[in-house]
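Chains, contacts and geometry: an overview
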Amino acid sequence: MFNIIIKLAWNNAFLRLSRTILVILMIAISMAMMLSIQGIYDGMTLNMIDKTLRSDSGEISLYHKNYRLDKNLKHNIKDASQIQTFLQTNNEIEYITKRLSVEGLSATARKSAFSNVIGINLENEIAFGQFNQFLKKGDMSFRKRGALLGSELAKTLKVNIGSKIIFSTQDHSGDINSIAVRVRGIVQTSNIALDASAVYVDLKQVQKFLGVNNQMATQIAIRTHSQTLLKELKNKYPELDVKNFLELYPMLKQMKDMMVIFTSITFLIVMLVVLIGITGVMYVSILDRIREFGIMRALGMSYQNIRYQIFLEAFLVGLTGYILGAILGFSTLYYLQNYGLNLSQYSEGMESFGMDTIIYAQMNISYFTSTFYAIITASLLSVLLPLIKIKKLNPIDVIKAET
Amino acid sequence: MIRLININKYFYRGESREVHALNDINLEIKEGEFSLLNGPSGCGKTTLLNNIGALDNPDSGEIFLDESLITTLNEDEKTQLRLNKMGFVFQAYNLVPVLNIEENIGFIMKLRGFDDSIIKERVLEVATLLEIDNKLNALPSTLSGGQQQRVAVARAVAAKPKIILADEPTANLDSKNSKILMQMMRTLNEKEGVTIVFASHDEYVIESVRRVIKLNDGAIIEP
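Take the interface of chain B and chain A next. Each partner contributes residues to the interface: chain B has 23 residues there, and chain A has 21 residues. A breakdown of the residues in the side of chain B that touches chain A according to their chemical character gives 12 nonpolar, 6 polar and 5 charged.

Structure, rendered in structure tokens:
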């Protein structure tokens, strides 16, 4: 019995090609679009998160308890080098770096701006977050009192490669002290705060300028994939402020949540359009065959079996659409993952939000599983209306209509 | 076997164009009978046949099949009854367009759960008898009207139902195929005791049946 139902469903799905092709294309194109949008949204969010992790916080950062409230040099981690050395032995930590930051004023002969001198070890930073990839202009070098400037700060100060700037701040002893540095490179991290204020200088030079020992730092940043390390470090260093990147950048969490909402809304809209589209085509297609169903009922086929047949037909069409959509979506995502989506014409807006102008899409298996459920559900729902019509159908009406 | 008591059927009831399609029909068809409903066009042959076949409901009266009242059955029960006891040949061929001829002929047998090998054997048997065995793999749309009618007949008889109800089964057949069809019906009737009720005004059919029930204006004028 069931093989005749399968046969009817299969033949109806694939012998009535124009209807089937229309539905399959509708599903496949919508699905490919949906997957691409989802991939791009996730790509944008992850790109922002990735740059923040690489340029600043890592997955976990350690500070003096009061540092984030009052960025005074006295709120430093005194034994930062020891902690760093100790943490380097932890297998769960992939990279670790320490930084010494101090707020102050950068000035040229004509312009001045609030800025933040950050003492870094360039080699460490390259290993930690591929810092060299942030270089927009010039060299990644601190040679001859060189400094790397955030791109927005460079614009504000109207300086270029080779320009000299003076940075003034209060040193460790409380005196106002100044250091002259020469711009060797301009970096763009897409971290808005850093790009607008950061003056990267060699760590040793900053330590010397501020009159602090080489043990001292204001931040220790860690790259890790461990889910438990944060708790471990919080327990181990109760005197320090141990935070993960979402605590440090709550906006990123909001952004991440917002993207989930955006994706869900887009997903719902696309699926609703798909549902309405398939319902329209399936409704017309099934009602076109109402006589056929009437005859089958007259011959003794039960409504339940007709329902199985129609659901199976919708499932087959939906599944074929899904497979084609998955291939199309995968190809589009593969392209966008490797070559990116170039949005350079919106570069100003994108950069002000801390985003790259080329967005590289993400691709997750969950995209394909969620669309699978959605498309199969939409396909099955699409035949409910015609099924109600068939349930009410009296075979004699069909037989009479043709005699 | 089939008993109709005071059957009345109206179309467009309560409207100015009301038609009294079946007028107080009382009829008994015994098991193994080969009968014909005969009369002019519009006399109620098809309506009566549809009522006997549980496809249509009378407005009043009762229909018994094997002493069971069928007029009170629900749609699912009627569907089961038609599947298990009846074979239909409609005026239009009503084949399933996406199934090939072999699958169309074996359709009811499949629904009834016959074994595939039995279906294959029986399909070939009736298809050979009706000379459509060379078309078993074709789709209905590729067949002529006469060939499609033979497939419809083959489908009705293949499952060996207890009753065959046929509405103008020879209407699209030439005289040679009409003879083959009637011969096959006679064989089914005589050898297997299948009850057959035809609705037709084909002279050849009138000559072939054992009982002619004449109708006029919805009433039986000659039982």
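Right, let's get into the sheet that holds strand β7 (residues 163–167) of chain B. Residues and elements named next belong to chain B. Overall, mixed pairing links the 6 strands, which are arranged β6-β7-β8-β3-β9-β10 in an open sheet. Looking at strand neighbours, the two that pair on one side only are β6 (86–89) and β10 (219–222), the edges of this open sheet. Strand-to-strand twist across the sheet, computed as the mean angle between neighbouring axes with direction ignored, equals 25°. Here 3 bridges tie strand β9 (residues 211–216) to β10, and the two strands are oriented antiparallel to one another. In the strand pairing of β10, Asn-216 is matched with Ala-219.

Bringing helix α4 (residues 122–129) of chain A into the picture now. Residues and elements named next belong to chain A. Among all positions of α4, only Glu-125, Phe-128 and Gly-129 are buried. The buried residues of α4 all sit within an arc of 65° when viewed along its axis, so they share a single face. As for α4, its buried residues are in contact with α2 (17–57), β2 (93–107), β3 (112–120) and β9 (219–224). Looking one or two residues beyond α4, the residue adopting positive phi is Gln-130, at roughly 45°.

All right, on to the domain arrangement of chain A then. All names here are of chain A. Each domain of chain A was delimited in the assignment, giving domain 1 (2–52 + 252–402) and domain 2 (60–224). For domain 1 versus domain 2, the distance between C-alpha centres works out to 51 Å. The partner domain 2 presents 4 residues to the 7 residues of domain 1 that form the contact. Looking at the side of domain 1 that touches domain 2, its residues break down into 2 nonpolar, 2 polar and 3 charged.

Moving on, we come to the confidence of the model for chain B. Here chain B averages 89 in pLDDT, and 100% of its residues register 70 or above. The weakest mean pLDDT in chain B belongs to helix α8 (residues 203–208) of chain B at 82; the strongest belongs to helix α3 (residues 101–105) of chain B at 95.

Counting 114 residues, the largest nonpolar core has Ile27(A), Leu37(B), Ala154(B), Ala158(B), Leu165(B), Val197(B) and Phe198(B) as the members making the most contacts within it. The dominant element in this core, judged by the number of residues it contributes, is α2(A), at 11 residues. Setting aside chain neighbours within four positions, we find Val197(B) in contact with Ile29(B), Ser35(B), Leu37(B), Leu49(B), Ile52(B), Ile163(B) and Leu165(B).

Reading guide: rules and limits
Residues numbered from 1 in each chain as written. Chains lettered and ligands numbered in written order. Predicted model: local features only at pLDDT ≥ 70, side-chain atom pairs only at ≥ 80, totals over all residues. Contact = placed C-beta atoms within 7 Å. Nonpolar A, V, L, I, M, F, W, Y, C, P; charged D, E, K, R; others polar. Pairing = 2+ DSSP bridges. Helix = DSSP H or I, 4+ residues; strand = E, 2+ residues; numbered from the N terminus. Axes fitted to C-alpha atoms, helices over the stretch in contact; angles between N-to-C directions. Buried ≥ 20, exposed ≤ 12 C-beta atoms within 10 Å, placed from the backbone. Arc of directions from axis to C-beta. Domains from an automatic or database assignment. pLDDT = per-residue confidence, 0-100. Core = buried A, V, L, I, M, F, W, Y, C linked by C-beta atoms within 7 Å.

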